[in-house]
Amino acid sequence: MTRIDRLRTLGLFSARVPRYTSYPTAPVFTDTVGATQQAQGLAALDPDVPVSVYLHIPFCERLCWFCACRTQGTRSLAPVDRYIDTLEAELTLLRDLLPAGLRMGRMHWGGGTPTILRPALIRRLAHAVQAVLPPTPEAEFSVEIDPTLVDADKIAALAQAGMTRASIGVQDFDPQVQAAIGRSQPFDITRDCVTELRAAGIASLNADLVYGLPHQDSARLERTLDQVLSLAPDRVALFGYAHVPWMARRQALIDAETLPGEETRHQLAQQAARRFRHAGLQPIGIDHFARPSDGLARAAQAGRVRRNFQGYTDDSCPTLLGLGASSISRLPGGYVQNASATPAYAQRIAAGQLAGARGHLMSGEDALRARAIEMLMCDFHLDLAALRRVFGPSSARLLPDIAQIAAEFGDLVRATPEGLRIAPGGRVLTRIIASRLDRHIAAGGRFSQAS
Ligand SMILES: C[S@@+](CC[C@H](N)C(=O)[O-])C[C@H]1O[C@@H](n2cnc3c(N)ncnc32)[C@H](O)[C@@H]1O
Ligand code: SF4
């Protein structure tokens, strides 16, 4: 059996499993957890342990057809202005609940398109967060940037507000691919954006790329890779296109006939990964690459990479406060997600309530499995000794699953009394292997292709 046939029989092309940016995953959340548990969790935080903040801006000027992010198109800035008022009101509610002296170690603005904000709004919002949660001296602040919706004034406002890292959306530079995903983005505009970000002192720059898009082939991808590498990114995220039109209805605009076939898609991912390695970028987990000098690569060398809703990170803050519509907070007791639709979120905040509407309280077993899955996703190594130090003898609950994984995946994994390692040849199956530790998957929704 060829290598690819073997991977196929193990589900490389057919399995639909989560990306495990959390465990349990968001489709498992229920409305038995909401604002009450959110308030209790916030009030009980240790003021001496800095928190991370995620702030969601669910607006875009354009709505790219491929995009599965939670966002809405707007031509006017009026709803954006109102949304910032709501975020400020949410911050006031938090201020009244959080323990005095709590500080912020990380902040990330995502979306949607945070750079839809005018410079004055950028300054106002950053100031509002920092007034409630003063940053630690080494705090980092990262922002998702759409190169077609940013200018020098916005970049200056972000830099003034403390932005240390920027993530630009590229996806693909080929005009035919861009036309098929409803996203026009000339290379020159992207290059000018990078030049401005560098001039503003941004030392860590990430580029998002997507493989498996309509009309992508090896030659087109190679040209995109040349162009991306000419921008000298410090990090690259290489996502497999998730075609989930039942969730992201705008994807119905994409003709499924134009998507690359499964083997081509796999080869495109391998081609890009090879190219990044040759360019000196170190692979991180299943879909990131980083320069050895970048914080993410250094964290990988030290075994400190973590996985959160934004993907791979070197952020070690145990608590994440999610602000804005649909944002998820990770609190010591579990996850709480704000109301997803912007009007429902705004209504709750206007009524003087926290916006938590769904969530999941973590059992001891959930916490154990969450960490084990995270280890596989980050390091391809489930380290039982490390789990035992945190979770004690209950870590042995994973042994039957490890034995089952070893039986199913054979020499693509190596199981020992000390844990489980995924061999380099089995790493494309990591999401599938991790799913074997998932006790909630049957209750969850439909997921994207595993590769
Ligand atoms: C919030 S968006 C990007 C920020 C900014 N709005 C932009 O377009 O440049 C975050 C990233 O998610 C990725 N993404 C969105 N939809 C996706 C999908 N269906 N499959 C895979 N990746 C996707 C894209 O790489 C995108 O850059
Ligand atoms: S890719 Fe960015 S700009 Fe396009 S719809 Fe998604 S969030 Fe908006």
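A quick note: this is a predicted structure, and the numbers were derived from the prediction, not measured.

Chemist: What is the right way to look at the side chain of glutamine 271 in this model?
Modeler: Within the fold, glutamine 271 resides in helix α9 (residues 262-278). Discounting residues that sit within four places of it in the chain, glutamine 271 has contacts with Ser218, Leu221, Glu222 and Leu225.

Chemist: Would you mind going over the site of ligand 1 with me for this structure?
Modeler: Every one of the 20 residues lining ligand 1 counts as a neighbour, but Phe66, Gly111, Gln171, Arg183 and Asp208 are closest to it. Measuring from a nitrogen atom of ligand 1, one finds a backbone N or O atom of phenylalanine 66 at 2.9 Å. Backbone polar atom of glycine 112 to a nitrogen atom of ligand 1: 3.0 Å apart, as the coordinates give it.

Chemist: Looking at this structure, I do not really get the domain arrangement of the protein. What am I missing?
Modeler: Reports often express the size of an interface as the amount of accessible area lost when the parts come together. Entries for the protein in the domain assignment read domain 1 (24-322) and domain 2 (363-441). Across the contact, ten residues belong to domain 1 and ten residues belong to domain 2. Summing the contributions of domain 1 and of domain 2, the shared interface buries around 950 Å²; its carbon and sulfur component is 62%. Contact with domain 2 buries surface across domain 1, with Ile286, Arg306 and Arg307 losing the most and accounting together for 41% of the total. If you look at where domain 1 meets domain 2, you find one salt bridge. When the shortest N-O distance is used, the salt bridge between glutamate 374 and arginine 306 registers 2.8 Å. The interface formed by domain 1 and domain 2 includes three residue pairs in polar contact (both at pLDDT 80 or more).

Chemist: For this particular structure, what's the right way to read the site of ligand 2?
Modeler: The environment of ligand 2 is made up of Cys60, Arg62, Leu63, Cys64, Phe66, Cys67, Gly112, Thr113, Asp146 and Arg183. When its residues are assigned to classes, the shell around ligand 2 shows five nonpolar, two polar and three charged.

Chemist: So what exactly am I meant to see when it comes to helix α7 (residues 187-199) here?
Modeler: Three- or four-residue spacings in an α-helix give side chains the same orientation, since the helix completes a turn every 3.6 residues. End to end, α7 covers 18 Å across 13 residues, agreeing with the expected 18 Å (1.5 Å per residue, within 8%). Two residues or fewer past α7, glycine 201 is found with a positive phi of approximately 95 degrees.

Chemist: Any chance you could explain the packing of aromatic side chains here in plain terms?
Modeler: Aromatic ring pairs are defined here through the distance separating the ring centres and the angle between the ring planes. Under the counting rule described, the total for this entry stands at seven aromatic pairs. With a centroid separation of 5.1 Å and an interplanar angle of 50 degrees, the aromatic rings of phenylalanine 276 and phenylalanine 289 are classed as tilted. Taken as a pair, phenylalanine 276 in helix α9 and phenylalanine 289 in strand β10 (residues 288-290) lie far apart in primary sequence, 13 residues in all. We note that phenylalanine 276, like phenylalanine 289, is buried. Here the aromatic rings of phenylalanine 309 and tyrosine 335 are separated by 5.9 Å at their centres, their planes lie at 75 degrees, and the arrangement is edge-to-face. Here the residue phenylalanine 309 occupies a position in the loop between β11 (306-308) and β12 (311-313), and tyrosine 335 occupies one in strand β15 (residues 334-338), the gap between them amounting to 26 residues. A residue is classified by how much of its surface remains accessible, and tyrosine 335, at 7% relative accessible area, is buried. Directly above the aromatic system of tyrosine 312 lies the positively charged group of arginine 307, at a separation of 4.5 Å from the ring centroid.

Chemist: Honestly, helix α11 (residues 342-350) in this entry has me stumped. Any pointers?
Modeler: Turning to α11, its buried residues are Thr342, Tyr345 and Ile349. The arc that holds every buried residue of α11, seen down its axis, measures 65 degrees, which confines them to one face. Exposed residues on α11 whose side chains face more than 90 degrees from its buried face are Pro343, Gln347 and Ala350. For α11, the elements touching its buried residues are β2 (59-60), β3 (72-73), α3 (78-97) and β15. Trailing α11 by a residue or two, glycine 352 shows a phi angle of about 80 degrees, which is positive.

Chemist: Is there a simple way to think about the nonpolar core in this case?
Modeler: Nonpolar side chains in soluble globular proteins tend to end up buried together. Membership of the largest hydrophobic core comes to 78 residues, with the highest contact counts inside it found for Ile57, Trp109, Leu117, Ile145 and Leu197. With residues near it in sequence (within four places) discarded, isoleucine 145 still touches Thr115, Val150, Leu158, Met163, Ala166, Ser167, Ile168, Gly169, Cys193 and Leu197. By size, the runner-up hydrophobic cluster in this structure holds 43 residues, among which are Leu10, Leu296, Leu382 and Ile433.

Chemist: In this structure, what is going on with the sheet that holds strand β17 (residues 381-383)? I would like to understand it.
Modeler: Adjacent strands of a sheet form backbone hydrogen bonds with each other and so pair up, either parallel or antiparallel. The three strands are arranged β17-β19-β18 in an open sheet whose pairing can be described as antiparallel. At either margin of the open sheet sits one strand with a lone partner, and together these are β17 and β18 (413-416). Neighbour-to-neighbour, the strand axes of this sheet turn through a mean angle of 15 degrees, independent of strand direction. Bridge analysis of β18 against strand β19 (residues 419-422) gives four bridges, and the strand direction is antiparallel. Pairing of threonine 416 across the sheet is with glycine 419, part of β19. Strand contacts of helix α12 (residues 364-379): β17 and β19, with the helix running at about 140 degrees to β17, the strand carrying the most contacts.

Conventions adopted
- Once a new chain begins, its residue numbering starts again from 1 and follows that chain's sequence as written.
- Starting at A for chains and at 1 for ligands, labels are handed out in the order in which the entities are written.
- Local features in a predicted model are, by the rule used here, given only for residues with pLDDT of at least 70; side-chain atom pairs are given and counted only at 80 or more, and totals for whole chains, interfaces and linings are based on all residues.
- Values reported for side chains reflect all heavy atoms of the structure, with hydrogen atoms and water molecules removed beforehand.
- Numbering of helices and strands starts at the N terminus; helices are DSSP runs of H or I of at least 4 residues and strands are runs of E of at least 2.
- The contact criterion used throughout is that any non-hydrogen atoms of two residues lie within 4.5 Å.
- Note on definitions. A residue lies near a molecule or strand when any single heavy atom of the residue is within 4 Å of it.
- Counted as a polar contact is a pair of N or O atoms within 3.5 Å, where, for protein atoms, one must be capable of donating a hydrogen and the other of accepting one, and residues adjacent in sequence contribute only when both atoms are in side chains.
- The start and end points of each domain follow an automatic or database-based domain assignment.
- Put simply, buried area is how much 1.4 Å-probe accessible surface two parts lose in total, over both of them, once they are put together.
- The salt bridge criterion pairs a side-chain nitrogen of Lys or Arg with a carboxyl oxygen of Asp or Glu, the two atoms within 4 Å.
- Classes in brief: Ala, Val, Leu, Ile, Met, Phe, Trp, Tyr, Cys and Pro nonpolar; Asp, Glu, Lys and Arg charged; the others, Gly included, polar.
- Under the convention used throughout, the expected extent of a helix is 1.5 Å for every residue step, that is, one less than its residue count.
- For this analysis, a ring pair means two rings from Phe, Tyr or Trp (six-membered ring only for Trp) whose centres lie within 6.5 Å, classed as stacked if their planes differ by under 30 degrees, edge-to-face if by over 60, and tilted for the remaining angles.
- The classification of residues rests on relative accessible area computed with a 1.4 Å probe and restricted to protein chains. Under 20% of the type maximum is buried, over 50% is exposed, and intermediate values are partly exposed.
- Whether a charge sits over a ring comes down to the Lys NZ or Arg CZ being within 6 Å of the ring centre and within 35 degrees of the ring normal.
- Working definition: the arc comes from the directions between the helix axis and the C-beta atoms, pointing outward to the latter.
- What makes a nonpolar core is a set of buried Ala, Val, Leu, Ile, Met, Phe, Trp, Tyr and Cys residues whose side-chain atoms join them at distances within 4.5 Å.
- When DSSP finds two or more bridges between two strands, those strands count as paired.
- Note on definitions: angles span 0 to 180 degrees between N-to-C directions of axes, and those axes are lines fitted to C-alpha atoms, for helices only across the stretch in contact.

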